[in-house]
Amino acid sequence: MKIAVIGAGITGLYLSWKLSLRGYKVTIFEQKRGVGKECCSGLFSHRILDFIPQSKEIIEKEINKTIIHFPKKSIEIIFNKPFFIINHFILDNILLNQVKQFQIEIILGSKVKKIPQGFNRVIGCDGADSIIRKELHLPEPRLYLGIQGFSDGKTNQNYVETWPTHSGFIWKIPRTNQTEYGIMEAVPEAKKIFQKFLNKNRISLNNQKAALIPNHIKPIIPKKSNITLCGDAAGVTKPWSGGGVIWSLISADILLRNFPNFVKYRKEMNNFFIPKLIRSNIIKKSVYFFGKRMPYFLPKKYTIESDFLF
């Protein structure tokens, strides 16, 4: 069975690695000339070790809580298991090294404009602006813009700070030798809101980058027996934070569990993710509503299992 994987991000590489372990012939198409995501907060839950054990070697720092700053009240959210700060670019290349151990054809600098022919199965892992999704005339997810930049200076801070915006948030993450600031917000508003925050707090950033973040009310999976979507291409990200890595890898495992039956994959994806998407959206809207209008109803400190919220 010949399989085409569109996109050499973390989801495409993970799927290619696992499918090759089963003896399938995999070809990866990647539009960039190299591998490695550069625009990412790099905040991963402890579950990353379940999927990619080698990631333990590149953990920069552990994060145990986040402080949400509403205008009149700050809330401390404690994680019952830590998050890790990991360089996404390095993590992708660790997966690439796993892939290279197999006879997988990796075609770099290849921007796929149509669904590749001559394959028994095609898996679109080509991100928020997926060409495969567009070719199948599927619904488009709501797109947010993620912007990140860095200020110099070492910090010993071991927690994240966030500031809710209109429909997203601004974040501050302590890295090893610098501090990262970023925003996730609706595309038309993100730049303006972020710049206003930076100016107000007299923060100067370097190495700013941006990327699209998809979010949809349910997984966008085609009713096809030979073509499917996974990860960001399917709009599977956490409503609260836009985080996509763990949910994408869970999606990949669901696909692997049902492979090569894409119809069963679609059914399990809907059963697994739709309740979590509904719950997360309700919690997000409720917290934003009370935090901005009636903050006295919110506790000052709360402990959560974070993977299905943040």
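Everything that follows concerns the structure shown earlier in this document.
Please read all numbers here as calculations on a predicted model, not as lab measurements.

Draft legend 1. Up close: the packing of helix α1 (residues 10–21) against helix α3 (residues 88–99). Viewed as axis vectors pointing N to C, α1 and α3 meet at an angle of 20°, and their least axial separation amounts to 9 Å. Between α1 and α3, the interaxial angle falls into the category roughly parallel. With respect to the hand of their crossing, α1 and α3 are arranged in left-handed fashion. Counting all contacts with α1, which are made through I10, L13, Y14 and W17, the residues of α3 involved are H88, L91, D92, L95, L96, Q98 and V99.

Draft legend 2. Inspection of the pairing of strand β8 (residues 142–152) at higher detail. With respect to burial, β8 is a largely interior element, eight of its eleven residues being buried. Direction of pairing for β8 relative to strand β12 (residues 206–215): antiparallel, over a ladder of eight bridges. By the bridge assignment, Q148 is partnered in β12 with K209. Across nine bridges, the pairing between β8 and strand β11 (residues 178–186) is antiparallel.

Draft legend 3. Looking closely at the layout of surface pockets. Approximately 480 Å³ is the volume attributed to the second largest pocket. Along the walls of the second largest pocket sit 15 residues, with P164, T165, I170, I193 and K196 positioned nearest its centre. The dominant element in the lining of the second largest pocket, judged by the number of residues it contributes, is helix α5 (residues 187–200), at five residues. Counted by class, the lining of the second largest pocket contains seven nonpolar, four polar and four charged residues.

Draft legend 4. Structural context of the pattern of salt bridges. In total, this model carries eight salt bridges according to the counting rule given. Between K65 and E76 there is a salt bridge, with its nearest N and O atoms 3.1 Å apart. You can see K65 sitting in strand β4 (residues 59–69) and its partner E76 sitting in strand β5 (residues 74–86), a full eleven residues away along the chain. For K65, a relative accessible area of 21% gives the class partly exposed. When the shortest N-O distance is used, the salt bridge between K134 and D129 registers 3.1 Å. The structure contains a network of salt bridges with shared partners spanning D129, R133, K134 and E140.

Basis of the calculations
Residues numbered from 1 in each chain as written. Predicted model: local features only at pLDDT ≥ 70, side-chain atom pairs only at ≥ 80, totals over all residues. Heavy atoms only, no water. Axes fitted to C-alpha atoms, helices over the stretch in contact; angles between N-to-C directions. Helix = DSSP H or I, 4+ residues; strand = E, 2+ residues; numbered from the N terminus. Parallel < 35°, antiparallel > 145°, perpendicular 65-115°, else oblique. Left-handed = near helix turned anticlockwise from the far one by under 90°. Contact = heavy atoms within 4.5 Å. Buried < 20%, exposed > 50% of the residue type's maximum accessible area, 1.4 Å probe, protein only. Pairing = 2+ DSSP bridges. 1 Å grid on protein atoms, 1.4 Å probe; cavity = no way out; pocket = protein on both sides within 12 Å on 5 of 7 lines; lining within 4 Å. Points joined across faces, edges and corners; volume = space filled by probe spheres on them. Nonpolar A, V, L, I, M, F, W, Y, C, P; charged D, E, K, R; others polar. Salt bridge = Lys/Arg side-chain N within 4 Å of Asp/Glu carboxyl O.

Such coordinate-based values are descriptive only and should not be taken to indicate function.
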